[in-house]
Amino acid sequence: MQMIANLFEHSCVGFFLIELSGKLAAANPAFCSLIGNPESELLKLDIQSFTHQDDLLLCLHQASLLLDGTIPFYTMKMRYVCREGEPVWCRSTFTLLCEEECPRLMMVQVENIDEQVKLEQELLASVKRMKNVYESIAEAFVMLDRQARYTYLNKYAESLLRKKREDVLGECIWDVFPALTGKAFHQEFYKSWNEMKAGSFRYYDEELQLRLEVRLYPSREGMAVYYRDTGSAGMKDWDGAGFAELLRSFFDHSADAIGILDSDRRMLKINKTYEDMFGYTYAELRENPLLTVYETAHPELNRLFEEVKRGTPVSDYEMKSKRKDGSSLDISMSISPIYDGTGEVISFSVKARDISDKKKSEEALRQSEIKYRLITENTSDLVTLVDANGVIVYASPSHEVLYDISVSSLNGLSLFNADVVPESMILAMKPWFRHMLESGQPSLVEIPFLRRNGQISIIETYGRPVRDDRGEIVLFVLITRDITKRAQTEALRRQSAKLSTASQLAVGIAHEIRNPLTVLKGFTQMMNTTGDFKKQYLEVMMHEFVRIEQMISELLGLAQPPVVQYGRMALAAALDFSANRCSSEFNSRGVQIITAVAPDLTDLWCDEKQLKKVFGHIIQNALEAMQGNGDLQITATRDGGYVRIVFRDQGPGIPQELIRKVGEPFYSTKAGGFGLGLMISQKIIGDHHGSLQIESEPGQGTTVVLLLPAH
């Protein structure tokens, strides 16, 4: 439970808990940072307060399905409204918590995907704009994939080739036009593709009865093909009314707002996109084309038009504009001169593109950069960005405190430069960094650090890889902090725990030895007084001597453990050996030990002698608890990076109030037991970086679970 609490509190992923009424019950720091509100403020709100209204209905519907048990959980992309009022796209996973020890709550895991969604939206908009361009160009345009299959035709291609898109998309060009195979088109096509060079040629298409000019542009993804009819009446060499018709079509269907102004800047013609973008009709703009521009921009526009009049085009000039309804928008404007036959500028063409979304994205990015730079430049933690070669590309100002070095001098240096960190740190950091680079997974390392003033500090560095859109690691984010005080506090805590354990041991030893000594003293006095040396007296005294000897042996084993000798151990054979050794005295009573080891478990890297001692102790305890009546099941399976070994007996079980005492020195559920065997077993498992857990209920038997690293 503490592990879950630590995950909730310290995770870089946002978490919050909500009651079934929708009111927040808890929120971790990562979510508070995302929303921009402290937890104390969020706990006054319900989820409806900061969920975007367009996403709220679907969220509530999914929540009802979750509460009904229709779905075990649900994940959806949704927007949360930050304190500043700006929505942030997140991927939220809702899970219902139904533990008996806590009221029913919903836990929500929140991942910030705002940048990803905005990039996707920008990509879709870009594809849409590109498609509009392809549809508006006055040429037949076709795209083919690597198998020469049609992936796109614009409307002019449909008209020229006399094929519908739905009939040819996905079909090979040689199947659609079999007459082209082996002809000039076929030869020029593969010549261009094999050489990966653009090509152009002309040919007469017998099926279409047209003279066509073809331009080929190969790429790794396929081929782009442009067709031009050079044999149609009135369009030979792009002259005459046919060309005028193409220009008119381009003007009318352009995705950009286009207007033609005379030399006095009166509007002569605008396309439909211009009317839609600004909300004005041609009649309204006829005498005053600058109605769409804020008055403050007029002087600058006058200057731009004067430049164009002198023959210098203006490209992509960004400015604020306004629609007829008064709303503002950002536009990118280009102005080009139109010449007469003598070379004089007689009019202007104005092209405008709405870039409001782009400006908002840029501003959001700028604000985000400001926020994160403010955080990194004022945090006491050391924030470092290094590339895949370990070269520092950014270091926060806090480096100057720990390393006593100028931040500006760190940029461009290797993380493993002796001028940055001591050689001893480099030896520890290199394998850690290499592991992150090879595994692609975050990692944590603790390293002693010798300061320039001679003091030794303990620093903790958490590294996380950053990938590009192709999934390749391009950067590592390193968060470093000085944990010397925490380490000292932990050392004091461990020392205190040792002293406490030593105190308990001392009390236990005194108690356990005093009892047999009292018996020995009594019999000695009685025998000294009466002179009667009965055999049964000596037997009792010998039993007490043996008891003291056993206890001292176990204490010595706890205080002076043997040297650990790691090697490969056959797990199945070790469990069978321990079972056979312990069960000999119980087999005649009908006790059965059933062992099942998963096929993918063969060897275990461990101290075989010590683990067999643990297995034997657990099996012996189980057999004694069942008193020769029942089955003991032993199973071994793989659990992630661990091996799970489970011992499940059919004994009387242990009451819950006594389970937490099991493993304490000198506490035992067996008559005559010292309680040191399980304590020693826990220490052996701990030395193997594993864990030992006991689960039991009266009448249901006892289960002992060992978790050991699988490597």
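See the structure above.
Residues numbered from 1 in each chain as written. Predicted model: local features only at pLDDT ≥ 70, side-chain atom pairs only at ≥ 80, totals over all residues. Heavy atoms only, no water.

Asks: Explain helix H21 (residues 608-626) to me, and be specific about the residues and the numbers.
Replies: Taking 1.5 Å as the rise per residue, H21 with 19 residues should run 27 Å; its terminal C-alpha atoms sit 27 Å apart, in good agreement. Within the span of H21, buried status applies to Gln-610, Leu-611, Val-614, Phe-615, Gly-616, His-617, Ile-618, Ile-619, Gln-620, Ala-622, Leu-623 and Met-626. For H21, the N-terminal cap is Asp-607; the gap from its side-chain oxygen to the backbone nitrogen of Lys-609 is 3.2 Å. Downstream of H21 by one or two residues, Gln-627 has phi in the positive range, about 55 degrees. (Helix = DSSP H or I, 4+ residues; strand = E, 2+ residues; numbered from the N terminus. Expected span 1.5 Å × (residues − 1). Buried < 20%, exposed > 50% of the residue type's maximum accessible area, 1.4 Å probe, protein only. Polar contact = N/O pair within 3.5 Å; in protein donor to acceptor, adjacent residues only side chain to side chain.)

Asks: Describe the pairing of strand E8 (residues 199-205), naming the residues involved and giving the relevant values.
Replies: Bridge count for E8 against strand E9 (residues 210-218) is seven bridges, and the pairing is antiparallel. For Phe-201, the partnering residue across the bridge sits in E9 and is Val-214. The hairpin turn running from E8 into E9, its antiparallel successor, is four residues long, and Gln-209 in that turn takes a positive phi close to 55 degrees. (Pairing = 2+ DSSP bridges.)

Asks: Break down the pairing of strand E27 (residues 702-709) for me, with residues and values.
Replies: Among the eight residues of E27, eight are classified as buried, and the element is accordingly described as predominantly covered. Neither face of E27 is left uncovered, since the one carrying Thr-702, Val-704, Leu-706 and Leu-708 and the one carrying Thr-703, Val-705, Leu-707 and Pro-709 both have all their residues buried. Strand direction decides the pairing type here: strand E25 (residues 642-648) and E27, joined by seven bridges, are antiparallel. Along E27, the bridge assignment pairs Phe-647 with Val-704. As paired elements, strand E26 (residues 691-696) and E27 share six bridges and run antiparallel to each other. Across the sheet, the residue bridging to Ile-694 is Val-704, located in E27. Between the end of E26 and the start of E27, which pair antiparallel, lie five residues, with Gly-699 showing a positive phi angle near 85 degrees.

Asks: Tell me about the sheet that holds strand E24 (residues 631-639), residues and numbers included.
Replies: Strand order in the open sheet formed by five strands is E22-E24-E25-E27-E26, with mixed pairing between adjacent strands. Of all the strands in the sheet, just strand E22 (592-597) and E26 have a single pairing partner and so form its edges. When the angles between neighbouring strand axes are averaged without regard to direction, this sheet yields 15 degrees. Alignment of E22 against E24, held across six bridges, turns out to be parallel. Looking at the pairing, Val-597 lines up with Ala-636 of E24. (Axes fitted to C-alpha atoms, helices over the stretch in contact; angles between N-to-C directions.)

Asks: So what's going on with the pattern of salt bridges? Residues and values would help.
Replies: Evaluated as defined, the whole model comprises 28 salt bridges. Arg-266 is the salt-bridge partner of Asp-262, the closest N and O atoms lying 3.1 Å from each other. With relative accessibility at 12%, the residue Asp-262 sits in the buried group. Using a relative accessible area of 34% as the deciding quantity, one classes Arg-266 as partly exposed. Lys-358 is paired through a salt bridge with Glu-318; the nearest N and O atoms lie 3.7 Å apart. With Lys-358 in helix H15 (residues 356-378) and Glu-318 in strand E13 (residues 314-322), this residue pair connects regions lying 40 residues apart in the sequence. Assessed through its relative accessible area of 41%, Lys-358 is described here as partly exposed. The structure contains a network of salt bridges with shared partners spanning Asp-54, Asp-55 and Arg-79. (Salt bridge = Lys/Arg side-chain N within 4 Å of Asp/Glu carboxyl O.)

Asks: Could you give me a rundown of the nonpolar core, with the residues and numbers involved?
Replies: In this structure, Leu-571, Phe-615, Ile-645, Phe-647 and Leu-706 are the most contacted members of the largest nonpolar core, which totals 34 residues. Secondary structure elements with two or more residues in this core: helix H20 (571-583), strand E23 (603-606), H21, E24, E25, helix H23 (676-687) and E27. Ranked by the residues each element gives to this core, the list is headed by H21, at eight residues. Beyond its immediate chain neighbours, meaning those up to four positions away, Leu-706 contacts Val-614, Phe-615, Ile-618, Val-643, Arg-644, Ile-645, Phe-647, Ile-685, Ser-691 and Leu-692. Judged by nonpolar contacts, the second largest core, of 29 residues, contains Leu-144, Leu-153, Tyr-203 and Leu-216. (Core = buried A, V, L, I, M, F, W, Y, C linked by side-chain atoms within 4.5 Å. Contact = heavy atoms within 4.5 Å.)

Asks: Describe the environment of Gln-682, naming the residues involved and giving the relevant values.
Replies: Along the polypeptide, Gln-682 turns up in helix H23. Remark: the alpha-carbon pair of Gln-682 and Val-614, spanning 68 residues in sequence, is separated by 8.4 Å.

Asks: An account of the sheet that holds strand E4 (residues 87-97) is needed here, citing residue identities and associated values.
Replies: If you trace the five strands from one edge of the open sheet to the other, you get E2-E1-E5-E4-E3, paired in antiparallel fashion. Of all the strands in the sheet, the pair left with one neighbour each is strand E2 (24-27) and strand E3 (73-81). The average undirected angle you get between the axes of adjacent strands in this sheet is 30 degrees. Relative to E2, strand E1 (residues 14-19) runs antiparallel, the two being bridged by three bridges. Looking at the pairing, Leu-17 lines up with Ala-26 of E2.

Asks: Lay out helix H10 (residues 184-195) in plain terms, naming residues and giving numbers.
Replies: Between the first and last C-alpha of H10 there are 16 Å, a value that for 12 residues agrees with the 16 Å anticipated at 1.5 Å per step. Taken residue by residue, H10 has Phe-185, His-186, Phe-189, Ser-192 and Trp-193 as its buried positions. Projected onto a plane normal to the axis of H10, the buried residues spread over an arc of 140 degrees and lie on a single side. Exposed side of H10, more than 90 degrees from the buried face: Gln-187 and Asn-194 are the residues found there. Of the surrounding secondary structure, the elements contacted by the buried residues of H10 are strand E6 (140-145), helix H9 (173-176), E8, E9 and strand E10 (222-229). The first or second residue beyond H10 is Met-196, which carries a positive phi of 50 degrees. (Arc of directions from axis to C-beta.)

Asks: How would you summarise the packing of aromatic side chains if you had to cite specific residues and measurements?
Replies: Counted according to the given criterion, the structure contains 27 aromatic pairs. For the pair Phe-305 and Phe-348, a centre-to-centre distance of 5.1 Å together with 80 degrees between the ring planes defines the contact as edge-to-face. Here Phe-305, found in helix H14 (residues 298-309), pairs with Phe-348, found in strand E15 (residues 345-354); they are 43 residues apart in sequence, far enough to count as distant. A relative accessible area of 3% places Phe-305 in the buried class. Ring-pair connections join several aromatic residues into one group, and the members of that group are Trp-174, Phe-185, Phe-189, Tyr-190, Trp-193, Phe-201, Tyr-203 and Tyr-227. When the ring centre of Phe-177 is taken as reference, the NZ or CZ atom of Lys-163 above it lies at 5.5 Å. The cationic tip of Lys-612 hangs over the ring face of Phe-577; the distance from NZ or CZ to the ring centre is 4.4 Å. (Phe/Tyr/Trp six-rings, centres within 6.5 Å; stacked < 30°, edge-to-face > 60°. Lys NZ or Arg CZ within 6 Å of the ring centre and 35° of its normal.)

By themselves, these observations are geometric and do not establish any function.
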